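Commentary on secondary and tertiary structure
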Amino acid sequence: AQSVTQLGSHVSVSEGALVLLRCNYSSSVPPYLFWYVQYPNQGLQLLLKYTSAATLVKGINGFEAEFKKSETSFHLTKPSAHMSDAAEYFCAVRKSGNTPLVFGKGTRLSVIA
Amino acid sequence: GAVVSQHPSRVICKSGTSVKIECRSLDFQATTMFWYRQFPKKSLMLMATSNEGSKATYEQGVEKDKFLINHASLTLSTLTVTSAHPEDSSFYICSAFTSGGHNEQFFGPGTRLTVL
């Protein structure tokens, strides 16, 4: 079964510091991988997705993620955190086609001024 | 990107009543829609998969008689929480899948249900 594990339920960084949110996947086949952001009481916004076209994926708001098959990882990074980046981040995986996304437990990012 | 709407965005109801949540794909046709439930400070849990014109497929542990799903058209799916109880209070999010060049799920803004 497809699944993702997000290491760290809460990450706190200083404004301007590097953001690193970890995600490892479990899949028997090359998966589709996604990162979503959720602000309080709102729905999900897609940050970026990996669909095997390129291992380094650039997304919105300065975020990017690198697919590493050898490590079964898809960590999300941003060089410099902004206060507006404080939110809940979810890694998700989909096996193929129209199968539903399976979400990790989420990581809450706090940005300290 | 494609837009998915949900209505209502927030609903408060009394215990024992039924609540209907609508999910619409506004500018595309969705043959498949997914319903998720999110508890406070928790992740999204898939409740069911809804295909237009057929019965929904429910995930293990989700009561199909409790959470009625109807996908009557390619742009509308509804989730009805029947005889709601306080433990049904949650954030419900729908997602519509489009295969038209995107193969992507687009999410609605969610519906906050509070059962008193």
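Structure's up top.
We now turn to the structure provided with this report. This structure is a prediction, so every number in the text was calculated from the model and none was measured. Note on numbering: residues in each chain are counted from 1, in written sequence order. Both sets of labels track the order of writing: A upward for chains, 1 upward for ligands. Note on the predicted model: pLDDT of at least 70 is required for a residue's local features to be given, and 80 or more for side-chain atom pairs to be given and counted; whole-chain, interface and lining totals, by contrast, use all residues. In computing side-chain values, all of the structure's heavy atoms are included and hydrogens and water are not.

**Topic: the overall build of chain B**
- What counts as a helix is a DSSP run of H or I of at least four residues, what counts as a strand is a run of E of at least two, and both are numbered from the N terminus. When helices and strands are tallied, chain B shows 0 helices and 11 strands.
- In sequence order, chain B lays out its α and β elements as β-β-β-β-β-β-β-β-β-β-β.
- Two things to know: the radius of gyration comes from C-alpha atoms, and the globule rule equals 2.2 Å times the number of residues to the power 0.38. On C-alpha atoms alone, chain B measures out to a radius of gyration of 13 Å, which is about the 13 Å that the 2.2 N^0.38 rule sets for 116 residues.
- Overall, chain B is about 45 × 25 × 20 Å in size when its C-alpha atoms are taken along their principal axes.
- For every residue, the accessible area (1.4 Å probe, protein chains only) is compared with the maximum for its type, and the residue is labelled buried under 20%, exposed over 50%, or partly exposed between those bounds. Here chain B, with 116 residues, has 50% of them falling under the buried criterion.
- Nonlocal contacts in chain B, meaning residues at least 24 apart in sequence, comprise 55% of its contacts between residues at least 6 apart.
- Here the accessible surface of atoms and residues is derived via Shrake-Rupley with a 1.4 Å probe, and residues count as covered only by protein chains that are part of the display. Only carbon and sulfur atoms are counted for the fraction: they give 52% of the accessible area of chain B, which is about 5700 Å².
- Positive: Lys, Arg. Negative: Asp, Glu. His and the chain ends are not part of the count. Charged side chains are reduced to one point each, which is NZ for Lys, CZ for Arg, CG for Asp and CD for Glu. Side-chain charges of chain B comprise 11 positive and 9 negative groups, with the mean position of each set lying 8 Å from the other. Pairs of residues are marked as contacts when any of their non-hydrogen atoms sit within 4.5 Å.

**Overview of the interface of chain B and chain A**
- Each partner contributes residues to the interface: chain B has 20 residues there, and chain A has 18 residues.
- A simple way to read buried area is as the amount of 1.4 Å-probe accessible surface that goes missing from two parts once joined, with both sides added. Summed over both partners, the interface of chain B with chain A buries about 1500 Å², with 52% contributed by carbon and sulfur atoms.
- The term salt bridge refers to a side-chain nitrogen of Lys or Arg lying within 4 Å of a carboxyl oxygen of Asp or Glu. Counting across the chain B and chain A interface gives 0 salt bridges.
- Polar contact is defined as a pair of N or O atoms within 3.5 Å, subject to the rule that within protein one atom must be able to donate a hydrogen and the other to accept it, and that residues adjacent in sequence are counted only when both atoms are side-chain atoms. Taken together, the links from chain B to chain A amount to 5 residue pairs in polar contact (both at pLDDT 80 or more).
- Among the elements of the structure, β4 (32-38), β5 (44-51), β9 (90-98) and β10 (104-107) of chain B are those that each provide at least two residues to the side of chain B that touches chain A.
- Tallying contributions element by element places β4 of chain B first for the side of chain B that touches chain A, with 4 residues.

**Quick word on the sheet that holds strand β3 (residues 19-25) of chain B**
Residues and elements named next belong to chain B.
- A strand pair is defined by DSSP finding two or more bridges across the two strands. Pairing is antiparallel across the open sheet formed by 4 strands, whose spatial order is β1-β3-β8-β7. Single-partner strands in this sheet number two, and they are β1 (4-7) and β7 (67-73). On average, adjacent strands in this sheet sit at an angle of 15° to one another, irrespective of strand direction.
- With 4 bridges joining them, β1 and β3 adopt antiparallel strand pairing. Counterpart to Ser5 in the pairing with β3 is Arg24. Axis lines are fitted through C-alpha atoms, for helices just across the contact stretch, and the angle between N-to-C directions can take any value from 0 to 180 degrees.

**With respect to the pairing of strand β2 (residues 10-14) of chain A**
Residues and elements named next belong to chain A.
- Residues Val11 and Val13 point to one face of β2 and are all buried, whereas His10, Ser12 and Ser14, pointing to the other face, are not buried.
- As paired elements, β2 and strand β11 (residues 107-112) share 5 bridges and run parallel to each other. Following the sheet pairing, Ser12 is matched in β11 by Ser110.

**Some thoughts on the pattern of salt bridges**
Residues and elements named next belong to chain A.
- Applying the stated rule across the entire model yields 4 salt bridges over all chains.
- One salt bridge in this structure joins Lys58 and Glu64, with 2.8 Å as the shortest N-O distance.
- For Glu64, a relative accessible area of 23% corresponds to the partly exposed category.

**Some points on the state of the cysteines**
- Disulfide assignment relies on a single distance test, namely cysteine sulfur atoms paired within 2.5 Å. The tally for this structure, following the rule as stated, stands at 2 disulfides over all chains.
- At a sulfur-sulfur separation of 2.0 Å, the disulfide partner of Cys23 of chain A is Cys91 of chain A. Here the S-S torsion is close to -65°, and the disulfide linking Cys23 of chain A with Cys91 of chain A is therefore left-handed. Highlighted residues: Cys23 of chain A in strand β3 (residues 19-26) and Cys91 of chain A in strand β9 (residues 87-94), separated in sequence by 68 residues.
- A sulfur-sulfur separation of 2.0 Å characterises the disulfide bridge that pairs Cys23 of chain B with Cys94 of chain B. Note on the Cys23 of chain B and Cys94 of chain B pair: the S-S dihedral is about 75°, so by sign convention the disulfide is right-handed. You can see Cys23 of chain B sitting in strand β3 and its partner Cys94 of chain B sitting in strand β9, a full 71 residues away along the chain.

Geometry only, nothing functional implied.
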